Amino acid sequence: MKLSLAIVALALAVPAASYAQDSTAVSTGEYPNTFSSGSANVSPFTNSSKRFNDWSISAGVGVPFVQSADLTSIKNGNGKNLFGYSAYVSIDKAITHAFGLKLQYDRGETRQGWFNTKDPAPANASTYQQVGARTQYDAISLLGDINFSNLLRRVDNHSPFRWALHGYAGIGTIAYRAFQKDEKGQRLATEVKPFKFGSMFAQAGAGLKYKVNRRIDIEGRLMYVVTGDDEFDGGGYKYSDINKREEQVSDNFFNATLGVSLKLGKHESHLMWHDPLQEIYYKLDVLANKNQDIEVCKKGDADNDGVCDDWDRQLDTPAGARVDGAGVALDTDLDGVIDLYDKCVTVPGPVENNGCPTTTTGPVREEERTLEGIEFDLNSDRILPSNTPILNNAVNYINSSTGSYNVIGATDTRASDAYNQRLSERRANNVKDYLIKNGVEAGKLNAIGRGEKDLKYPECEPATKCPEWKNRANRRVYFEAK
């Protein structure tokens, strides 16, 4: 019986032990599932991505003593306490930082009754039912493991901890041989085989663990075992005179043990010793206490345009010129003449004519010199919030002007000609609609799309030849006086 039960325990333990080390295999399957994860911007959880060890092997020895039975180990008839011996070994798997499972094998012997079965029996032991008994047992059980220290730990407790309180509960199958001794000698009173009807039992208890190092834990544990059997104590047949003393139908015992756990895996820490809240608070404390001295404008501002040379794309900006966030002098009408030197700021013209069109028939109005154009994001016709002030100024300028304007849309050289033509038309119409909604007379505006045929930087063909700021300059809407 003992040998067969040990073989069964080994058969159950081998598959679990084969996965005791963290696997390097990555689970297959389509990822991410945005319907379950809530976000596509997350990393998959696989065996290779685990940060903590979650397998361990535990073993220990202890002292069982029958507490609730017709024959007990505590304060028996002659005033002695009779304690047996026990041992256990288990394979442990941490599911979360606060819950795990144990596949455990127990073996031991309880001693109960009026005397130790190793001692001679009293002369009239059977007459007065002052018998001695012992029970050899083997058991396999599956236990749930709750880490109360992680589960109930205060969120404002930032201190490290080496002690942990665990609670255990589970069921299994138990096999035993109960012996009874009187003045006539010792005999086998009851034998129960494993995995038989009536061999089920339950146990529950608590353990206090101490973390010695990253590999070793020591634990003191007290378990209460409910056998579910009135013959476990060695009283014989359940309707015998001895078993009629007490009304309970289950002989139960305590088992106090001292054991050690060996944590398996390649990582520094075990999951059961990890508290996610403490990790978060620790990182927040590190950030709060970190001295974040940032040296601004390490290279200075050589052209004094207000943009640090660290990210200034035009280090020789003329004095007095307005610049964008990258330190490049503004050229509102994108005609190649910066606004500082452009006599017609909003109307494109050749460099030799100071940025004014050569076909101008009359004097250029002041508002035409200050009317500005706008740029667009890639593949977008949406007017950016940053362009609202420019367009609001354009409303005032156009309303105060007696002339009319072409609202001209353009793109960079990405995508096909047909697509870029449609995109430029949408950009021009969106700007035209914005101006009309804000008070400009519709008759003063005409929307024109020129696609990729109106590049400020013609050398950006294709777009990969140019930096992004030049391509962005090609994606624009500007105004042209009729």
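Residues numbered from 1 in each chain as written. Predicted model: local features only at pLDDT ≥ 70, side-chain atom pairs only at ≥ 80, totals over all residues. Heavy atoms only, no water.

Looking now at the packing of aromatic side chains. Scanning the model with the defined rule gives eleven aromatic pairs in all. Their ring planes at 65° and their centres at 5.0 Å tell us that Tyr-176 and Phe-232 sit as a pair that is edge-to-face. Here Tyr-176, found in strand β5 (residues 163-182), pairs with Phe-232, found in the loop between β8 (216-226) and β9 (252-264); they are 56 residues apart in sequence, far enough to count as distant. Here the aromatic rings of Tyr-457 and Trp-469 are separated by 5.7 Å at their centres, their planes lie at 80°, and the arrangement is edge-to-face. On the criterion of sequence distance, the pair formed by Tyr-457 in the loop between β12 (445-449) and α8 (468-474) and Trp-469 in helix α8 is long-range, its members being twelve residues apart. Taking relative accessible area as the criterion, Trp-469 reaches 27% and is therefore assigned partly exposed. These aromatic residues form a ring-pair network of at least three members: Phe-65, Phe-83, Tyr-224 and Phe-254. The aromatic ring of Phe-179 is capped on one face by Arg-134, whose charged end is 4.4 Å from the ring centroid. (Phe/Tyr/Trp six-rings, centres within 6.5 Å; stacked < 30°, edge-to-face > 60°. Helix = DSSP H or I, 4+ residues; strand = E, 2+ residues; numbered from the N terminus. Buried < 20%, exposed > 50% of the residue type's maximum accessible area, 1.4 Å probe, protein only. Lys NZ or Arg CZ within 6 Å of the ring centre and 35° of its normal.)

As paired elements, strand β1 (residues 55-68) and β9 share 13 bridges and run antiparallel to each other. Looking at β9, one finds that Ser-58 is bridged to Ser-261. Where β8 lies against β9, eleven bridges are found, and the strand directions are antiparallel. Note on β9: the bridge partner recorded for Tyr-224 is Phe-254. (Pairing = 2+ DSSP bridges.)

Turning next to helix α6 (residues 388-400). An ideal rise of 1.5 Å per residue puts 18 Å on 13 residues; α6 measures up with 19 Å between its terminal C-alpha atoms. Those residues of α6 not exposed but buried are Ile-390, Leu-391, Ala-394, Val-395 and Ile-398. Along α6, the residues classed as buried sweep out an arc of 150° about the axis, all on the same side. Buried-residue contacts for α6 involve β10 (374-375), β11 (405-409), α7 (417-437), β12 and β13 (476-481). (Expected span 1.5 Å × (residues − 1). Arc of directions from axis to C-beta. Contact = heavy atoms within 4.5 Å.)

Moving on: the side chain of Ser-86. Summarising the element assignment, Ser-86 is placed in strand β2 (residues 85-94). In this structure the side chain of Ser-86 is engaged in a polar contact, spanning 2.8 Å, whose partner is the side chain of Asn-255. For Ser-86, the residues in contact, after removing those within four places along its chain, are Gly-60, Val-61, Gly-62, Val-63, Pro-64, Arg-107, Gly-108, Tyr-137, Asn-255 and Thr-257. (Polar contact = N/O pair within 3.5 Å; in protein donor to acceptor, adjacent residues only side chain to side chain.)

Attention now goes to the state of the cysteines. Evaluation of the coordinates by the stated rule reveals two disulfides. Across a sulfur-sulfur distance of 1.9 Å, Cys-344 and Cys-356 are joined as a disulfide pair. Around the S-S axis, the bridge from Cys-344 to Cys-356 shows a dihedral of about 100° and counts as right-handed. Remark: Cys-356 occurs in the loop between α4 (276-289) and α5 (366-370) and Cys-344 occurs in the loop between α4 and α5; sequence separation between them is twelve residues. For the residue pair Cys-344 and Cys-356, the accessibility class agrees, reading buried in each case. Each disulfide pairs two cysteine sulfurs, and for Cys-460 the partner residue is Cys-466, the sulfurs being separated by 2.1 Å. Since a negative S-S torsion denotes a left-handed disulfide, the Cys-460-Cys-466 link at about -105° is left-handed. Of the two residues examined, Cys-460 and Cys-466, each falls in the buried class. (Disulfide = S-S within 2.5 Å.)

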